[in-house]
Amino acid sequence: CTPTTSDTDSNSLQHLSSDASVLPSDLVMVDTTDAMATLKAQLDDMLQNNSTRAVYCLASPGNRRATARGGYDHNAFDAMVRNPTYMPLLSEGTGRYEVLSHRQTGPMHDGFVASVRVIQAEGARKVFDFVMSLQQPDVVDEHPSLEPYQLRPGHLPMWQTDSVMPSRG
């Protein structure tokens, strides 16, 4: 499912979000070479489906090592997101979000930060800061629990989330 550098070049990059399809894992495949599309996929899954599946699959390897008992325990990751700090990110289709700001960072533009306001149906609001990094083709992470977002050898650079924190500002 993940395009590789041998499948395409930078001049003919396929935007997977334009022809998104539902995959066996029930996740919609999006263009993870696009930071905003990657962010949106995670927020949509959490707020529309009350699910942590997309955010787990799109978490960087370092993020999952720290939050999913070594990297591949989706149940531990899910429990962490369902704690009071992160619970506002979840809803059964009644919550919505606004991206307040976003920008690429780093000398190679391989970082991305976004501040997102989450608004629950009852009006509760909370701002979260998402920090993402571009996973380069030499980063390989093929565990089956990450389907359809495994990092296969030679993949195109893909955005993944390093951290999500309640905003201090």
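1. Description of the pairing of strand β3 (residues 125–135)
In the sheet, strand β2 (residues 111–119) pairs with β3 via nine bridges, with the strands oriented antiparallel. Following the sheet pairing, Ser115 is matched in β3 by Asp129. Taken together, β2 and the strand that follows it, β3, pair antiparallel across an intervening segment of five residues, in which Gly123 is found at a positive phi of about 100 degrees. Here β3 runs beside strand β4 (residues 158–166); their pairing, made up of eight bridges, is antiparallel. Across the sheet, the residue bridging to Val131 is Ser163, located in β4.

2. With respect to the environment of His109
Relative to the assigned elements, His109 resides in the loop between β1 (96–105) and β2. The spacing of His109 and Leu134 is 25 residues in sequence and 8.6 Å in space, taken between C-alpha atoms. Leaving out residues up to four positions away in the same chain, His109 has contacts with Gln104 and Trp159.

3. Concerning the packing of aromatic side chains
Under the criterion given, the structure shown has three aromatic pairs. Ring geometry for Tyr86 and Phe128: centres 6.3 Å apart, planes at 25 degrees, overall stacked. Here Phe128 lies in strand β3 and Tyr86 lies in the loop between α4 (74–81) and β1, a separation of 42 residues in the sequence. Pair check on accessibility: Tyr86 and Phe128 agree, each one buried. The ring of Tyr56 has Arg64 sitting right over it, with the charged end atom 6.0 Å from the ring centre.

Calculation criteria
- Residues numbered from 1 in each chain as written.
- Predicted model: local features only at pLDDT ≥ 70, side-chain atom pairs only at ≥ 80, totals over all residues.
- Heavy atoms only, no water.
- Pairing = 2+ DSSP bridges.
- Helix = DSSP H or I, 4+ residues; strand = E, 2+ residues; numbered from the N terminus.
- Contact = heavy atoms within 4.5 Å.
- Phe/Tyr/Trp six-rings, centres within 6.5 Å; stacked < 30°, edge-to-face > 60°.
- Buried < 20%, exposed > 50% of the residue type's maximum accessible area, 1.4 Å probe, protein only.
- Lys NZ or Arg CZ within 6 Å of the ring centre and 35° of its normal.

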